[in-house]
Amino acid sequence: MAIATTTSPVHHEEHHPDLRVLGLLVFLISESLMFGGFFATYLFFRSGAEAWPPEGTEVELLLPTINTIILVSSSFVIHFGDTAIKKNDVQGMRKWYKITAIMGAIFLLGQVIEYVTLGYGLTTNVFANCFYLMTGFHGLHVFVGLLLILGVLWRSRRPGHYSATKHTGIEMAEIYWHFVDIIWIVLFTLLYILTKF
């Protein structure tokens, strides 16, 4: 009498390193090169201009300075959220990420107000063209960062989705937000501070 034998497939679990953060860093390096191209082009045009910015396209400092304070401060706020999740405090993380999202939205609103009140447009002259392209491209990055933060908040509604040992998405949102802030500091210096000298 033959005995039927069943063979079960052997499952090999392969543990691959999590390269998501590395992928994000590579992406941000490529974005840095793109912004670097913008900065180099801007400085090239500035070096060959008799007056920079040309008359009628001056920038104001008050609103952009307030915006800068809000955006730079939000880097500290989002870090508090990352610190909270590493202590397994999901509610604390949610609180700090909500505040960061509000600050990011206020920054974008301030940028829209600035655009409306400047009195010149994208095609007015070379300075205006550089100004709108660089600040607009940065604003797009802030908007993407805001979506990432909102995505973290949405996912955090599920119990156990984030914890002290599982928080890569939170770290990635924070890294991206810090990148956005650093780029803005360079933009603010070039477009606002240095145009006053």
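Provided above is the structure to which this section pertains.
Overview of the structure.

What counts and what doesn't
Residues numbered from 1 in each chain as written. Predicted model: local features only at pLDDT ≥ 70, side-chain atom pairs only at ≥ 80, totals over all residues. Heavy atoms only, no water. Helix = DSSP H or I, 4+ residues; strand = E, 2+ residues; numbered from the N terminus. Rg over C-alpha atoms; globule rule 2.2 N^0.38 Å. Core = buried A, V, L, I, M, F, W, Y, C linked by side-chain atoms within 4.5 Å. Buried < 20%, exposed > 50% of the residue type's maximum accessible area, 1.4 Å probe, protein only. Contact = heavy atoms within 4.5 Å.

**Some details on the overall build of the protein**
No. 1: Scanning the protein from terminus to terminus reveals 5 helices and 0 strands.
No. 2: Element order for the protein, N to C, with α for helix and β for strand: α-α-α-α-α.
No. 3: Taking 197 residues into account, the globule formula puts the C-alpha radius of gyration at 16 Å, and the protein, at 23 Å, lies well above it.
No. 4: Its C-alpha atoms put the protein at 100 × 35 × 25 Å along the principal axes.

**Structural notes on the nonpolar core**
No. 1: Of all hydrophobic cores here, the largest spans 44 residues; its most connected members are Tyr42, Met93, Tyr97, Phe127, Phe131 and Leu191.
No. 2: Every element with two or more residues in this core is listed here: α1 (20–47), α2 (62–85), α3 (90–117), α4 (126–155) and α5 (168–193).
No. 3: Per-element tally for this core: the top contributor is α5, with 13 residues.
No. 4: The contact partners of Leu191, leaving out residues within four places of it in the chain, are Tyr42, Val59, Phe127, Phe131, Met134 and Thr135.

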